[in-house]
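Single-letter residue listing:
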Amino acid sequence: MAVISTTRELLKYKILLLSFMIFLILQCSEAVNLTILQSAVAKGAVCLDGSPPAYQLDKGFGDGVNSWLVDLQWGGWCDSVQDCIARVNMSNGLGSSKFMSEFDFTGILSNQKNLNPNFYNWNRVYMRYCDGSSFTGDVDKVDPVNNLHFRGARVFDVIIEELLTLGMKDAQNALLTGCSAGALASILNCDKFRGFLPSSTRVKCVPDAGYFAHVKDLSGKYLTSQYYDRIVTLHESAKRLPSGCTSSMKPGLCFYPQFVTPYINTPIFILNSAYDTWQVDYILSPNAADPNGGFTKCKTNLSECSATQIKRLEVTAKKATNGIFINTCYTHCQSETQSAWLGDPALKLGNKTMSGAVGDWFYDKSEFRKVDNKNVSPHYC
């Protein structure tokens, strides 16, 4: 390859590379219409601002017509009235369907066999997230001053009920998944999802980047735990969390997979990075725990990390039912990205792609429990 010797040539090369990457993304993605569920309003199942919830559905075909994949959207949480008001006014639709735009389907949502061999022809649903509680909130009273509705659990229920009328009641296979806050939601609602479906349906759950760890931050405190306590209190989530967990410990701790998964009976496959960027930023080294910015360079550039800092980054799932795929990519959420889901051979564990590992596990071909031992430090993927 010729050496790029000038700034102008370097810029031209970067533009060409970016154009090629955009081309690849467009080739691997699929536009799917947004459905606003107006009938949900009468049932009180609404977004934070009282607007109706929404989902995107790409119908299955061939031998996948009786199989369903429900993917819960990412998007963090809100832990105070002020925080939820700000969320309502965001242009990304995380607090209101008024601002939602359509997301393209790719990765685990792709309809192309060569990109998503196990689920490409299933009914694939993207449940949009607009409640700020990982679909767990259930407050009857509406905030009279700010018109806030904390109804995430009802949103989950009403969209699933809608999908049942569209054919999911006859599902032979069903998979609940999600990214980040959606991944946590797929854990917390896993048994409930199972309960909506016939006993003959094979039902499993695959959270991606939702294994938020209960660990001390750099200050030696559990600041995220306090944050989760506020979320659960504001949204009155306790009554919608697995009762076995909430009866054994304070409800805020049941937002942590390591504490709640022992109380979930439906099989769960954990997808995560041992060096999850969100957890590094907000659990291990939030600004409040790192006022002098000692971790700042490390978080933005891995080459700046010391051996001690690298060790502090590692977060590994402690428990999973049958399935676990833990790599060392310095990233957050992978299954909805085509290269991570099925594309980059460097991401294989035990000679299996993420897609292959989840597929074999779902269809009971093999249990898969692999942690990346090749890379002893985080790396960009």
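Residues numbered from 1 in each chain as written. Predicted model: local features only at pLDDT ≥ 70, side-chain atom pairs only at ≥ 80, totals over all residues. Heavy atoms only, no water.

**Q** Whenever I open this one, the overall build of the chain confuses me. Can you help?
**A** Helix and strand content of the chain: 13 helices and nine strands. A compact globule built from 381 residues should have a C-alpha radius of gyration of about 21 Å, and the chain, at 21 Å, falls within 12% of that. For the C-alpha atoms alone, the extent of the chain along its principal axes is close to 65 × 55 × 40 Å. Evaluated residue by residue, the chain yields a buried proportion of 54% over its 381 residues. In the chain, the proportion of contacts linking residues at least 24 apart, taken out of those at least 6 apart, comes to 76%. Entry remark: accessible area of the chain is about 16600 Å², with carbon and sulfur atoms responsible for 54%. In the chain, 36 side chains carry a positive charge and 34 a negative one; their mean positions are 3 Å apart. (Helix = DSSP H or I, 4+ residues; strand = E, 2+ residues; numbered from the N terminus. Rg over C-alpha atoms; globule rule 2.2 N^0.38 Å. Buried < 20%, exposed > 50% of the residue type's maximum accessible area, 1.4 Å probe, protein only. Contact = heavy atoms within 4.5 Å. Areas by Shrake-Rupley, 256 points an atom, 1.4 Å probe, with all protein chains shown as cover. Lys, Arg positive; Asp, Glu negative; His and termini not counted. Charge placed at Lys NZ, Arg CZ, Asp CG, Glu CD.)

**Q** Which parts of the structure should I look at to understand the nonpolar core?
**A** One broad rule of soluble globular proteins: the nonpolar side chains tend to lie buried together. If you look at the biggest cluster of nonpolar residues, it comprises 66 residues, and the most contacted ones within it are Val70, Trp77, Leu163, Met168, Phe193 and Phe255. Here this core gets seven residues from one element, more than from any other, and that element is helix H3 (residues 152–165). Ignoring anything within four residues of it in the chain, the contact list for Met168 reads Trp68, Val70, Ile160, Leu163, Phe193 and Leu197. Residues Phe105, Leu175, Phe362 and Phe368 belong to the second largest nonpolar core, which totals 21 residues. (Core = buried A, V, L, I, M, F, W, Y, C linked by side-chain atoms within 4.5 Å.)

**Q** Just checking my understanding: could you explain the state of the cysteines for this structure?
**A** A disulfide bridge is the covalent bond that connects two cysteines by way of their sulfur atoms. In total, this model carries seven disulfides according to the counting rule given. Shown here is the disulfide that connects Cys78 with Cys84, its sulfur atoms set 2.1 Å apart. Classification of the bridge connecting Cys78 and Cys84 rests on its S-S torsion, roughly 85°, and on that basis the disulfide is right-handed. On the basis of relative accessible area, Cys78 is assigned to the buried category, the value being 1%. Linked covalently through their sulfurs, Cys245 and Cys254 form a disulfide whose S-S length is 2.1 Å. Since a negative S-S torsion denotes a left-handed disulfide, the Cys245-Cys254 link at about -100° is left-handed. Residues Cys245 and Cys254 agree in their burial class; the two are buried. (Disulfide = S-S within 2.5 Å.)

**Q** Help me understand the confidence of the model for the chain in this model?
**A** Of all residues in the chain, 91% attain a pLDDT of 70 or more, and the chain-wide mean is 91. In the model of the chain, helix H1 (residues 7–28) stands out as the element of lowest mean pLDDT, 41, in contrast to strand E3 (residues 67–72), which has the highest, 99. Residue range residues 1–26 is modelled with pLDDT below 50. Its contacts to residues more than four positions away, or to other chains, number three contacts. (pLDDT = per-residue confidence, 0-100.)

**Q** For this particular structure, what's the right way to read the pattern of salt bridges?
**A** Working definition: two side chains of opposite charge can pair if their charged atoms are close together. Summed over the entire model, instances satisfying the criterion amount to 16 salt bridges. When the shortest N-O distance is used, the salt bridge between Glu236 and Lys239 registers 3.2 Å. Look at Glu236 and you get partly exposed, because its relative accessible area is 38%. With a relative accessible area of 49%, Lys239 lands in the partly exposed category. Linking Asp360 and Lys352 is a salt bridge whose minimum nitrogen-to-oxygen distance equals 2.3 Å. Judged by its relative accessible area of 28%, Lys352 falls in the partly exposed class. (Salt bridge = Lys/Arg side-chain N within 4 Å of Asp/Glu carboxyl O.)

**Q** Whenever I open this one, the side chain of Ser225 confuses me. Can you help?
**A** Structurally, the position occupied by Ser225 is in helix H6 (residues 223–235). Apart from the residues lying within four places of it in its own chain, the contact partners of Ser225 are His214, Lys250, Leu253 and Tyr256.

**Q** When you look at the environment of Ser355 in this model, what are you seeing that I'm missing?
**A** On the secondary structure map, Ser355 appears in helix H13 (residues 354–362). Exposure remark for Ser355: the relative accessible area of 0% places this residue in the buried category. For the pair Ser355 and Leu342, spaced 13 residues apart in sequence, the C-alpha separation works out to 5.8 Å. With near-sequence residues (within four places) excluded, Ser355 lies in contact with Pro117, Asn118, Trp341 and Leu342.

**Q** Which parts of the structure should I look at to understand helix H9 (residues 277–284)?
**A** For an α-helix, 3.6 residues make a turn, and residues three or four places apart therefore share a direction. Judged by how many residues are buried, H9 sits mostly within the fold: six of eight residues are covered. Among all positions in H9, only Thr277, Trp278, Gln279, Val280, Ile283 and Leu284 are buried. If you follow the buried residues of H9, they end up packed against H6, strand E7 (269–273), helix H10 (296–300) and helix H11 (307–313). Two to three positions downstream of the cap, the backbone nitrogen of Trp278 sits 2.9 Å from a side-chain oxygen, assigning the N-cap of H9 to Asp276. (Polar contact = N/O pair within 3.5 Å; in protein donor to acceptor, adjacent residues only side chain to side chain.)

**Q** Quick question: what am I supposed to make of the side chain of Gln56 here?
**A** Here Gln56 lies in strand E2 (residues 54–58). Judged by relative accessible area, which is 0%, Gln56 ranks as buried. In this structure the side chain of Gln56 is engaged in a polar contact, spanning 2.8 Å, whose partner is the backbone oxygen of Val32. Within the structure, the side chain of Gln56 is placed 2.9 Å from the backbone oxygen of Phe103, a separation counted as a polar contact. When residues no more than four places from it in sequence are discounted, the contact partners of Gln56 are Val32, Asn33, Leu34, Glu102, Phe103, Phe105, Arg124, Val125, Tyr126 and Arg128.

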